[in-house]
Amino acid sequence: MAIDLKAVEQLATDQSSLKAAAGLAKPGKWSGVGASGDGALIWGECAGSGANPYRVMADLRDLGNKCTCPSRKFPCKHVLGLLWLNAEQVLPFPPADTPAWVSDWLGRRRGTPAAKPANNAPQGGEKDLRAARAGGPDVAEDPKDVARREAQAAKRTEETERAILDALDALEQWIGDQLRMGLAGFIDDATARCRRIAARLVDGKAAVLAGRIDELPSRLLALPAGDRPRGAVVELGKLVLLARAFRAAPRDAETRRAVAASETRETVLADPRAPRVDAHWEVLAEQVQTRRDGLVSQTAWLLNLSAAGPRFAMLLDFFPASAGRRGSVFTPGERFHGELVFYPSQQPLRALLVRRDAGGELPPSEWPLADATISDALTRPLLAEPWAIEIPLLLPQGRIARDDAGHNWWRSTDGMATLPIASEVSSLLCGTDLTRTAAIWSGNRLAILAAQTPWGRIGGHD
């Protein structure tokens, strides 16, 4: 079956949707594009603002369609972009087995009436494919309006910085109060005390830092009781360092990311300083955590199998817990070739997925060797970012053993390094010769992501 651009134009709700679709009808935006054997169903995954791309599908028989993006427009720009790709054959739509997420949509759609004819779509004014493709006519803007808007933006920026600095003053005073009143009382009452200062930071537009402090009690309680005073001192010390780093350079993107907000996806993609890495990647693990602020964080940890570029990449996405569990586009252990763009940083780690090539699994290969001693790997990232909470590591050959108290430990084969493990690990890992181990170091404990053994790859948990 085929569709033409005229049908795409008629299906669009307005010219702005058509224009946005034209911007998405580019190969670099899409991955996993495919079609059913008869060509009636098409699908693909389009890079969005989060770590996970939006899943887009359409039935060309009646132009029914579905996208996982939150847009209230129907059809959204991603659906229009997918149809545009198909109409112009910008990308091949190879016949393939229908993915489960497309089959699920079809199953729920069965018995419902077909989508409205394209020409019944709500009209939002004249639509023009050529104007959409060309980006639309440029409208001359009054210089006075531009100057007024820039002045308002500068004023808002100054007000935001002032609010954040006031909130950081309150934070440092609060930390001093906790130390004066005693760490024992702070640990016992950490949840209520942290909640109060976190609320003050939210009012002061330091939302990211507020979320970090809100999670501080759970990090302390995860430690053995004897380690909690030391853990509290380290955590509070890192907060002081971060507050003073922000005060020294309030417009530095890295510290602002740790205190107030991260740049948008579009800002990172447009930033010429953002490192772009085209490589082979392995999905180490995925961590899903429900936070105290009602958001769910979904983190995919990737290992760079190539020689160049950052060794690890962290793809981070957030969504409301009320939205329910979100399916992942990654499977631990899978390998793919793709391009990532990293947020500019002294130690690039957080990244966005720009492109994931279709083409099946990559040939098997060994994980790279650890490129630093364990001591350097644990401390060097802190020189650039001393407030970091988690440090990804690639450990050399070693084993995991359990002591008489039931605690798990990782120990290098040469016996020169021993590190405690935070939680239960896969029983397959215990006592097995681990040729490589990928883990997260929290400053006190290791969280095992995955390991390579003489018998193959093993995940960190059963």
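This structure is a prediction, so every number in the text was calculated from the model and none was measured.

**Q** So what exactly am I meant to see when it comes to the overall build of the chain here?
**A** Tallying secondary structure elements over the chain gives 14 helices and 16 strands in all. Residues counted as buried form 46% of the 462 residues belonging to the chain. Within the chain, contacts between residues separated by at least 24 positions form 62% of all contacts whose residues are at least 6 apart in sequence. Accessible surface, the chain as shown: approximately 23200 Å² in total, 54% of it carbon and sulfur.

**Q** Even after reading the chapter, I still don't get the sheet that holds strand 1 (residues 30-35), so can you show me in this structure?
**A** The strands making up a sheet are joined through hydrogen bonds of the backbone, oriented either antiparallel or parallel. Across the sheet, 4 strands lie side by side as 1-2-3-4; this open sheet has antiparallel pairing. This sheet does not close on itself; its edge strands, each paired only once, are strand 1 and strand 4 (64-67). Neighbour-to-neighbour, the strand axes of this sheet turn through a mean angle of 10°, independent of strand direction. Sheet topology places strand 3 (residues 54-59) next to strand 4; 4 bridges connect them, and they run antiparallel. Opposite A58, over in strand 4, you have N65 as the bridge partner. Strand contacts of helix 3 (residues 77-88): strand 1, strand 2 (41-46), strand 3 and strand 4, with the helix running at about 60° to strand 3, the strand carrying the most contacts.

**Q** Teacher, can you tell me more about the environment of D403 here?
**A** Within the fold, D403 resides in the loop between strand 11 (398-402) and strand 12 (408-412). On the basis of relative accessibility, which here comes to 29%, the residue D403 falls in the partly exposed class. A polar contact is formed between the side chain of D403 and the backbone nitrogen of H407, at a distance of 2.8 Å. At 2.9 Å, the side chain of D403 and the side chain of W409 are in polar contact.

**Q** Just to check I follow, could you spell out the packing of aromatic side chains for this structure?
**A** The geometry of two aromatic rings is summed up by the distance between their centres and the angle between their planes. Under the definition given, this model contains 3 aromatic pairs. Centroid distance W174 to F186: 5.9 Å. Interplanar angle 75°. Geometry classified as edge-to-face. Placement of W174 in helix 6 (residues 143-181) and of F186 in helix 7 (residues 183-188) is noted, with a sequence separation of 12 residues between them. F186 shares its class with W174; the two are buried. Where F330 meets F336, the ring centres are 5.9 Å apart and the plane angle is 25°; that geometry is what we call stacked. Here F330 falls in the buried class, since its relative accessible area comes to 6%. Using a relative accessible area of 3% as the deciding quantity, one classes F336 as buried. Just above the ring of F336 sits the side chain of R356; from NZ or CZ to the centre is 5.6 Å.

**Q** Whenever I open this one, the pattern of salt bridges confuses me. Can you help?
**A** Between side chains of opposite charge, a pair can form when the charged atoms approach closely. One pass over the structure, following the stated rule, counts 23 salt bridges. Notably, a salt bridge pairs R244 with E172, separated by 3.1 Å at the nearest N-O pair. With a gap of 72 residues between them, R244 in helix 11 (residues 228-248) and E172 in helix 6 connect regions that are remote in the sequence. Classification of R244 as exposed rests on a relative accessible area of 52%. For the salt bridge of R355 with D357, the shortest nitrogen-to-oxygen distance reads 2.6 Å. Its relative accessible area of 31% is what places D357 among the partly exposed residues.

**Q** Help me understand the sheet that holds strand 15 (residues 446-453) in this model?
**A** If you trace the 4 strands from one edge of the open sheet to the other, you get 10-14-15-16, paired in antiparallel fashion. Two strands lie at the open edges of the sheet, namely strand 10 (391-395) and strand 16 (456-459), each paired on one side alone. The mean inter-strand angle of the sheet, taken between neighbouring strand axes irrespective of direction, is 15°. Direction of pairing for strand 10 relative to strand 14 (residues 436-441): antiparallel, over a ladder of 5 bridges. Across the sheet, L393 pairs through a bridge with A439, a residue of strand 14. Strands in contact with helix 14 (residues 374-384) are strand 10 and strand 14; relative to strand 10, the strand with the most contacts, it is inclined by about 165°.

Basis of the calculations
- Residues numbered from 1 in each chain as written.
- Predicted model: local features only at pLDDT ≥ 70, side-chain atom pairs only at ≥ 80, totals over all residues.
- Heavy atoms only, no water.
- Helix = DSSP H or I, 4+ residues; strand = E, 2+ residues; numbered from the N terminus.
- Buried < 20%, exposed > 50% of the residue type's maximum accessible area, 1.4 Å probe, protein only.
- Contact = heavy atoms within 4.5 Å.
- Areas by Shrake-Rupley, 256 points an atom, 1.4 Å probe, with all protein chains shown as cover.
- Pairing = 2+ DSSP bridges.
- Axes fitted to C-alpha atoms, helices over the stretch in contact; angles between N-to-C directions.
- Polar contact = N/O pair within 3.5 Å; in protein donor to acceptor, adjacent residues only side chain to side chain.
- Phe/Tyr/Trp six-rings, centres within 6.5 Å; stacked < 30°, edge-to-face > 60°.
- Lys NZ or Arg CZ within 6 Å of the ring centre and 35° of its normal.
- Salt bridge = Lys/Arg side-chain N within 4 Å of Asp/Glu carboxyl O.

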